[in-house]
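Each chain is listed here by its residues.
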Amino acid sequence: MDRIARTTTDIGNILRAARRAGGLTQAELADRAGLWQRTVSTIETGASGARLDTLFDLLAALDLELQVVPRSKMKPGDLEDIF
């Protein structure tokens with residue numbers, strides 16, 4: 001699952017999708033990551049202010065990793081060229 005995240009909302013959506021794909025509830029993910037269920041919920045809704053170590057705990061619990069790459073420079077018209 002390669003997804004682009006540029007906002008806290010994007011990260012939250014990615015984590016939610018990965019959790020659901022793994023068949024986990026928020027409480028189960030929180031237990032795996034050593035967090036509160038409320039913390040998982042807050043991050044999944046895109047709230048800002050999550051600590052980086054909390055994000056990495058969630059990624060590890062979902063068997064995911066963070067990869068930093070240069071930002072893509074697509075223009076709106078470039079999408080039409082793909083199809």
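Residues numbered from 1 in each chain as written. Predicted model: local features only at pLDDT ≥ 70, side-chain atom pairs only at ≥ 80, totals over all residues. Heavy atoms only, no water.

Chemist: Outline the side chain of Q26, listing residues and values.
Modeler: Within the fold, Q26 resides in helix α2 (residues 26–33). Note on Q26: relative accessible area 18%, which makes it buried. Other than its neighbours up to four places away in sequence, Q26 contacts R19, Q37, V40, S41 and E44. (Helix = DSSP H or I, 4+ residues; strand = E, 2+ residues; numbered from the N terminus. Buried < 20%, exposed > 50% of the residue type's maximum accessible area, 1.4 Å probe, protein only. Contact = heavy atoms within 4.5 Å.)

Chemist: Can you tell me about the packing of α2 against helix α4 (residues 52–61), naming the residues and giving the values?
Modeler: One can describe the packing of α2 onto α4 by two numbers: an axis separation of 8 Å at closest approach and a directional angle of 105 degrees. In this view, α2 runs roughly perpendicular relative to α4, as classed from their interaxial angle. Across the interface between the two elements, L29, R32 and A33 of α2 pack against D57, L58 and A61 of α4. Along the lines of polarity and charge, the residues of the contact of α2 with α4 split into four nonpolar, no polar and two charged. (Axes fitted to C-alpha atoms, helices over the stretch in contact; angles between N-to-C directions. Parallel < 35°, antiparallel > 145°, perpendicular 65-115°, else oblique. Nonpolar A, V, L, I, M, F, W, Y, C, P; charged D, E, K, R; others polar.)

Chemist: Explain the nonpolar core to me, and be specific about the residues and the numbers.
Modeler: Core analysis: the biggest nonpolar cluster contains 13 residues, and L15, L29, V40, L58 and L62 have the highest contact counts within it. If you list the elements that add at least two residues to this core, you get α1 (8–21), α2, α3 (37–44) and α4. Per-element accounting of this core gives the leading share, four residues, to α4. Among all residues touching V40, those that are not within four sequence positions of it are Q26, L29, A30 and L58. (Core = buried A, V, L, I, M, F, W, Y, C linked by side-chain atoms within 4.5 Å.)

Scope: geometric values only; no functional claims are made or implied.
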